[in-house]
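Okay, here's what each chain looks like letter by letter:
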Amino acid sequence: MRFTVAIDGPAAAGKGTIGRAVAGHFGFGHLDTGLLYRAVGARMLAGEKAEDAARDLTPEHLANPDELRTAEVAQAASRVAVIPEVRAYLLDFQRAFAHRVGGAVLDGRDIGTVICPRAEVKLFVTASAEVRAKRRMDELQGRGQAADFDTVLADVKARDARDAERATAPMVAAEDALVLDTSDLSIEEAVAAAIAAVEARRAG
Ligand code: CDP
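Bear in mind that the values here come from a model prediction, so they are computed numbers and not experimental data. By convention here, each chain's residues receive numbers from 1 onward along its written sequence. Per-residue local features are limited, in this predicted model, to residues with pLDDT of at least 70; the limit for side-chain atom pairs, both in listing and counting, is 80 or more; totals at the level of whole chains, interfaces and linings are taken over all residues. As a rule here, side-chain values come from all non-hydrogen atoms in the structure, and water together with hydrogens is ignored.

## Here we look at the site of the ligand
Where we set the bar: Near is defined per residue: the residue qualifies when any heavy atom it owns lies within 4 Å of the molecule or strand. Whenever a nitrogen or oxygen atom comes within 3.5 Å of another N or O atom, the pair is scored as a polar contact, on the condition that within protein one atom can donate a hydrogen and the other can accept it, and that pairs from neighbouring residues in sequence are kept only if both atoms are in side chains. Areas reported as accessible are Shrake-Rupley estimates using a 1.4 Å probe. Residue values count occlusion only from the protein chains shown. Here a strand is any run of E in DSSP of at least two residues, a helix any run of H or I of at least four, and the numbering for each starts at the N terminus. Three classes are used: nonpolar for Ala, Val, Leu, Ile, Met, Phe, Trp, Tyr, Cys and Pro, charged for Asp, Glu, Lys and Arg, and polar for all others, with Gly counted as polar.
Every one of the 18 residues lining the ligand counts as a neighbour, but Arg-38, Arg-87, Arg-136, Arg-159 and Asp-163 are closest to it. The backbone of Ala-12 places a nitrogen or oxygen atom 3.0 Å from an oxygen atom of the ligand. Arg-159 is positioned such that a nitrogen or oxygen atom in its side chain is 2.7 Å from an oxygen atom of the ligand. Considered on its own, the ligand offers 530 Å² of accessible surface; in the complex 96% of this is hidden by protein. The set of elements that each furnish at least two residues to the shell around the ligand consists of helix H2 (34-45), helix H5 (71-80) and helix H9 (149-165). Split into classes, the residues belonging to the shell around the ligand amount to five nonpolar, four polar and nine charged.

## Thoughts on the environment of Val-105
Spelled out, the test is: Classification of residues uses two cut-offs on accessible area relative to the type maximum, computed with a 1.4 Å probe and protein chains only: under 20% is buried, over 50% is exposed, and between them is partly exposed. In what follows, residue pairs with any heavy atoms lying within 4.5 Å of each other are defined as contacts.
Residue position: Val-105 is located in strand E3 (residues 104-108). Given a relative accessible area of 0%, Val-105 falls into the buried group. The spacing of Val-105 and Thr-70 is 35 residues in sequence and 23 Å in space, taken between C-alpha atoms. With residues up to four places along the chain from it excluded, the contact list for Val-105 reads Val-5, Ile-7, Gly-19, Val-22, Ala-23, Phe-28, Gly-29, His-30, Leu-31 and Phe-97.

## With respect to the nonpolar core
Quick reminder of the rule: To qualify as a nonpolar core, a set must consist of buried Ala, Val, Leu, Ile, Met, Phe, Trp, Tyr and Cys residues joined through side-chain atoms within 4.5 Å.
Judged by nonpolar contacts, the single largest core of 20 residues is most densely connected at Val-5, Ile-18 and Val-22. A per-element tally of this core places helix H10 (residues 187-203) first, with six residues. Ranked by size, the runner-up nonpolar core spans 18 residues in total, among them Leu-36, Ala-54, Leu-57 and Ile-83.

## Considering the sheet that holds strand E1 (residues 4-8)
Quick reminder of the rule: Pairing between strands is defined by DSSP: at least two bridges between them are needed. Under this scheme, a helix contributes an axis fitted over its contacting stretch, all axes are lines through C-alpha atoms, and angles between N-to-C directions fall in the 0 to 180 degree range.
Pairing within the open sheet is parallel, and its five strands lie in the order E2-E3-E1-E4-E5. The open sheet has two edge strands, strand E2 (29-32) and strand E5 (178-181), and neither has a second partner. Across the sheet, the axes of successive neighbouring strands diverge by a mean angle of 20°, strand direction being ignored. Sheet analysis places E1 next to E3, joined by five bridges and oriented parallel. Counted as the bridge partner of Asp-8 is Gly-108 from E3. In the packing of helix H1 (residues 15-26) onto the sheet, the strands contacted are E1, E2, E3, strand E4 (121-126) and E5, and the crossing angle to E3 comes to about 180°. Lying on the sheet, helix H6 (residues 84-98) is in contact with E1, E2 and E3; it crosses E3 at an angle near 145°.

## Describing H10
Cut-off, in case you're wondering: Multiplying 1.5 Å by the helix residue count minus one yields the expected span of that helix. Comment: arc refers to directions from the helix axis out to C-beta atoms.
Taking 1.5 Å as the rise per residue, H10 with 17 residues should run 24 Å; its terminal C-alpha atoms sit 24 Å apart, in good agreement. Looking only at H10, the buried set comprises Ala-190, Val-191, Ala-194, Ile-195, Ala-197 and Val-198. Seen along its axis, H10 keeps its buried residues to an arc of 150°; they face one direction. Exposed residues pointing more than 90 degrees away from the buried face of H10 are listed as Glu-188, Ala-200 and Ala-203. Buried residues belonging to H10 abut E1, H1, E4 and E5.

Such coordinate-based values are descriptive only and should not be taken to indicate function.
Next comes the structure, spelled out in structure tokens:
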């Protein structure tokens, strides 16, 4: 069985949490595509050319995801993500994952629009910038990283603007996506809404 769930949305909206939970519930695989861009961004910070880093990316570069989940690497990720060649090098891996037998959940910015335009379910998960900044600050602090609200909020807004305004594969809700605003939802409520959307499609 092939079944693809595409989850897109702005920075720190909860795509990863929802994606993992949906995948766990249905026994699907889960790919956090942001990690691919973060891995390329980290290698650019280490001095490599972004296009070369994307071309040569291997699963080992994703082996320590927590090292990639820093504010500095997030900004680098959104800078390399505007480069069309970088996006092109990462396309096949993402599409192959989406078509895996057993079902797949991918979260990112362009999954429902570019990577998997025919996904069975498309969600666009969002929340106010303030709510997202608070969640990201708590997450970073929980991993022992220094993070203050104003800096995190500015980072989130800068990244959203760059991701939405780029020419190639900009962040935008697909026309047929269900928009899920999680500003006033608990994690459990957001996950339940996402699971219900998948169940409705599977039943129909
Ligand atoms: O976790 P968070 O939502 O903060 O970010 P992420 O999903 O890890 O993505 C990091 C950066 O990678 C984003 O700001 C985008 O610039 C880029 N990205 C992208 O362009 N396309 C994707 N499918 C996923 C991420």
